[in-house]
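The lines below spell out each chain.
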Amino acid sequence: MLHDERILKNKFAYFFTIIFLLGWIIYYGVFVINVLLKGYRLVEKYIKFRVPIYFLNFIAFILLILTFVHVFKESRKMFKYLNSTCITIIILASVSFYINYDGKWGAYIYSFLFGLTLFLIVPVLLINYFKHIPVKSEIENIGKHTD
């Protein structure tokens, strides 16, 4: 095969990416649907940060949809969108943490960092690790076994 078009190393990586993205799309989709269709508003303590929170939630949702589409198109833009989404969600989580911070560092900050790491950073790092990097030249592969 002269040109290898896949963007991830194996089928498990595709499956993992799709499930990861679907989970986050559902999470942010519920927020977007509640705001747009049901008219939900933020509670009183979030009023100062209403515009940034809405903006970041909508941007994260749009970036997740774009990432999901590019997985099926097998486009390398998927990694750019995935990493941008990760940064957007981290910013949104930091703003949310700042709003909810009540002066107690104990278990709250550790649970925040643990959840963010477990459900966002580690899966994004795994997906980036599974990135398939095609060989630059066929001459470099002479004599090597290919599947």
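Residues numbered from 1 in each chain as written. Predicted model: local features only at pLDDT ≥ 70, side-chain atom pairs only at ≥ 80, totals over all residues. Heavy atoms only, no water.

Quick notes on the confidence of the model for the chain
Taken residue by residue, the chain gives an average pLDDT of 85. The fraction at 70 or more is 86%. Element-level mean pLDDT values for the chain span from 86 in helix α4 (residues 106-129) up to 94 in helix α2 (residues 50-73). (pLDDT = per-residue confidence, 0-100. Helix = DSSP H or I, 4+ residues; strand = E, 2+ residues; numbered from the N terminus.)

Let's talk about the side chain of N34
Positionally, N34 belongs in helix α1 (residues 11-36). According to the relative accessible area criterion, N34 is buried, its value standing at 17%. When residues no more than four places from it in sequence are discounted, the contact partners of N34 are G39 and Y40. (Buried < 20%, exposed > 50% of the residue type's maximum accessible area, 1.4 Å probe, protein only. Contact = heavy atoms within 4.5 Å.)

Points about the nonpolar core
L8, F20 and L120 are the most contacted members of the largest nonpolar core, which has 36 residues in total. Among the secondary structure elements, those contributing two or more residues to this core are α1, α2, α3 (77-100) and α4. Ranked by residue count, the leading element in this core is α3, at 10 residues. Excluding its chain neighbours within four sequence positions, the residues that come into contact with F20 are L82, F119, L120, P123, V124 and I127. (Core = buried A, V, L, I, M, F, W, Y, C linked by side-chain atoms within 4.5 Å.)

Observations concerning the side chain of N57
With respect to the secondary-structure elements, N57 resides in helix α2. In contact with N57, not counting residues within four places along its chain, are Y28, F31 and L92.

Details of the packing of aromatic side chains
Within the structure shown, the criterion is met by 10 aromatic pairs. Ring centres 5.8 Å apart and planes at 25 degrees place the aromatic pair W24 and Y28 in the stacked group. Residue W24 and its partner Y28 are located together in helix α1, separated by 4 residues, close to a single helical turn. Accessibility assignment for this pair places W24 and Y28 in one class, buried. An aromatic cluster is present here, built from F12, F16, Y129 and F130 joined pairwise through their rings. Its guanidinium or amino end placed over the ring of Y81, K80 lies 5.3 Å from that ring's centre, counting from NZ or CZ. Taking NZ or CZ as reference, K131 lies 4.7 Å from the ring centre of F79, over its face. (Phe/Tyr/Trp six-rings, centres within 6.5 Å; stacked < 30°, edge-to-face > 60°. Lys NZ or Arg CZ within 6 Å of the ring centre and 35° of its normal.)

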